[in-house]
Amino acid sequence: MSLWDDLRFHHAAHAGRPILSLFEGADRARHFSIRDGGLLFDYSRTAIDARARGLLIRLAEAAGVAQRREAMFGGAKINETEGRAVLHTALRNLDGSVTVDGRDVMPEVRAIHARCEAFARDVRDGGFTGQGGRITDVVNIGIGGSDLGPAMACLALSPYADGPRAHFVSNVDGAHVHDVLALLDPETTLVIVASKTFTTIETMTNAAAARAWLAAGVADPAAQFAAVSTALDRTAAFGIAPERVFGFADWVGGRYSVWGPVGLSLMIAIGPENFAGFLAGGAAMDAHFREAPFTENMAVMLALTGIWHNQICGHATRAVLPYEQRLARLPAYLQQLEMESNGKRVAMDGSDLTLPSGPVVWGEPGTNGQHAFYQLIHQGTRVIPCEFLVGREGHEPGLAHQHRLLVANCLAQSEALLRGRTLDEARAILAPKGLTGEELDRQARHRVFPGNRPSTTLAYPKLTPFVLGQIVALYEHRVFVEGVILGINSFDQWGVELGKELALALEPILAGRESAHGKDGSTRQLVGFLR
């Protein structure tokens, strides 16, 4: 019998057991949680018991997580379908050396970081200006990882934003670039175009729109552009001076790139010192991930909890619920990080997966979600594991009473998911209101909560740059561990290619330059309507 079979058998044997019963006797909360670096990860409100945890850890060991982890940090080409190393971790750990193809890549990493830092200081201090004075606004044009990472982080760290205001344009829908630029002054706006190849169709279309907008307001629009790209010929053709072009190696995937030049807009907004704190938090989580034994390793246990819920229990989605308004973009960021990384259908060797791959990841900040979709989470017919995030302290001391209310809501929701409410308890609540007999029973049934619904909680002291770095790196490593256990490549993304190819073919048809002959009937009908 395989470890997967052992886990399924164990789950089936205890499927009816209330999670709450696991808290009887031993100090379950302490034994099923991990503290490190000021963080507390509590997974005690899941059905994982000591036997299940032991089997899950054996599963990680058998999959070679430790060996694969060291291969990644060591610069091995673990992205096998593209023949690339996976070294986003090098961007946040600027000490030491990492060898790829026999060459230490860290001097180049440090050099690019120093150039970004110098440019950020120039923009913030007024050494670099627009054609109408100091830069007041920075517009980052990118898509996917070139947008979601810095956009999420800029919002999360807004209490530290004392530089030019950061704005983000990603959607090729012209409304996005129009609405962002409409509020800005072209004479004091810096535009950063983030595209490694400088060919991404959405990004370059928006960059052209931004250049036209700048041209209407300044004499030399290219002088107010910077680029995050390795295509120096293309950036030069666009008119961007080479000293304002910042590249990064092919061993940094887009969705893992916020730590490097893609984070330039963040560095300008919060300053190089705070950006260094963000990197330090990521590096601290890297050290924990590499050094802590599996039972005390947050990333490993977060991943194993995900494997338990998805591949063993069959829960196809997970809700990410930050009780922190400034983490409003975290669920969207994790959607890409997790679903682009582990949304695969074949194993590393090309064979079909025999297990479900990554789950659907979604969510919204609390308490807003409580008035939107928590009804389904609490009383719907499908079980949705929830991942709560909450800070001990907010950034507004004058509103500390509101932060207490926020934390109280977070703890109450996870407790409600665990405990639920029985029919007898619902009857007892309604009986004093004068309801009796069948009507009492009917009304009470609407107020029953099944409970026994799993959740985890990640608690942190305060959302600082260091803590955000810890959180982002934690989830990166979680994705890595789950991918290794499933035997897939978490670092390619071929699934985004086909739609892009078809879109390029459809554009001239929509423009009327070509016929829709050969397209399916539905596409022809839609083209006819939309054209």
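Everything that follows concerns the structure shown earlier in this document.
These notes cover the structure that comes with them. Worth saying up front: this structure is predicted, and the values here are computed from it rather than measured. (Residues numbered from 1 in each chain as written. Predicted model: local features only at pLDDT ≥ 70, side-chain atom pairs only at ≥ 80, totals over all residues. Heavy atoms only, no water.)

### Focus: the side chain of serine 195
In step 1: With respect to the helices and strands, serine 195 occurs in the loop between strand 9 (189-194) and helix 8 (201-215).
In step 2: Of the polar contacts made by the side chain of serine 195, one reaches the backbone nitrogen of phenylalanine 198; its length is 3.0 Å.
In step 3: When residues no more than four places from it in sequence are discounted, the contact partners of serine 195 are Thr200, Thr203, Val228 and Ser229. (Helix = DSSP H or I, 4+ residues; strand = E, 2+ residues; numbered from the N terminus. Polar contact = N/O pair within 3.5 Å; in protein donor to acceptor, adjacent residues only side chain to side chain. Contact = heavy atoms within 4.5 Å.)

### Quick notes on a nonpolar patch on the surface
In step 1: A surface patch of nonpolar side chains, amounting to about 470 Å² of accessible area, comprises Leu510, Leu526, Phe529 and Leu530.
In step 2: Here the nonpolar patch takes three residues from helix 20 (residues 521-530), the largest share from any one element.
In step 3: Within the fold, phenylalanine 529 resides in helix 20. (Patch = residues over 30% accessible without salt bridge, like charges linked within 9 Å, V, L, I, M, F, W, Y side chains within 5 Å. Areas by Shrake-Rupley, 256 points an atom, 1.4 Å probe, with all protein chains shown as cover. Salt bridge = Lys/Arg side-chain N within 4 Å of Asp/Glu carboxyl O.)

### Digging into the packing of aromatic side chains
The geometry of an aromatic ring pair comes down to the distance between the two centres and the angle between the two planes.
In step 1: Applying the stated criterion to the full structure yields 15 aromatic pairs.
In step 2: Between phenylalanine 480 and phenylalanine 491 the ring centres are 6.5 Å apart and the planes differ by 40°, which places this aromatic pair in the tilted class. Of the two residues, phenylalanine 480 sits in helix 18 (residues 465-486) while phenylalanine 491 sits in the loop between helix 18 and helix 19 (497-510), which places them 11 residues apart along the sequence.
In step 3: Relative accessible area serves as the criterion here: at 3%, phenylalanine 480 is assigned to the buried category.
In step 4: Of the aromatic side chains, those joined through ring pairs into one cluster are Phe73, Tyr256, Phe289, Phe480 and Phe491.
In step 5: If you follow arginine 28 out to its NZ or CZ, it ends over the ring of phenylalanine 32, 4.1 Å from the centre.
In step 6: The ring of tryptophan 259 has arginine 92 lying over it, and the distance from NZ or CZ to the ring centre is 4.4 Å. (Phe/Tyr/Trp six-rings, centres within 6.5 Å; stacked < 30°, edge-to-face > 60°. Buried < 20%, exposed > 50% of the residue type's maximum accessible area, 1.4 Å probe, protein only. Lys NZ or Arg CZ within 6 Å of the ring centre and 35° of its normal.)

### As for the sheet that holds strand 14 (residues 386-391)
In step 1: In spatial order, the strands read 1-2-15-14-12-13; together these six strands make up an open sheet with mixed pairing. Among the strands making up the open sheet, the edge pair consists of strand 1 (33-36) and strand 13 (360-362). Each strand axis lies, on average, 15° off the axis of its neighbour in the sheet, ignoring direction.
In step 2: With three bridges connecting them, strand 12 (residues 317-323) and strand 13 associate as parallel partners. By the bridge assignment for strand 13, arginine 318 is matched with valine 361. (Pairing = 2+ DSSP bridges. Axes fitted to C-alpha atoms, helices over the stretch in contact; angles between N-to-C directions.)

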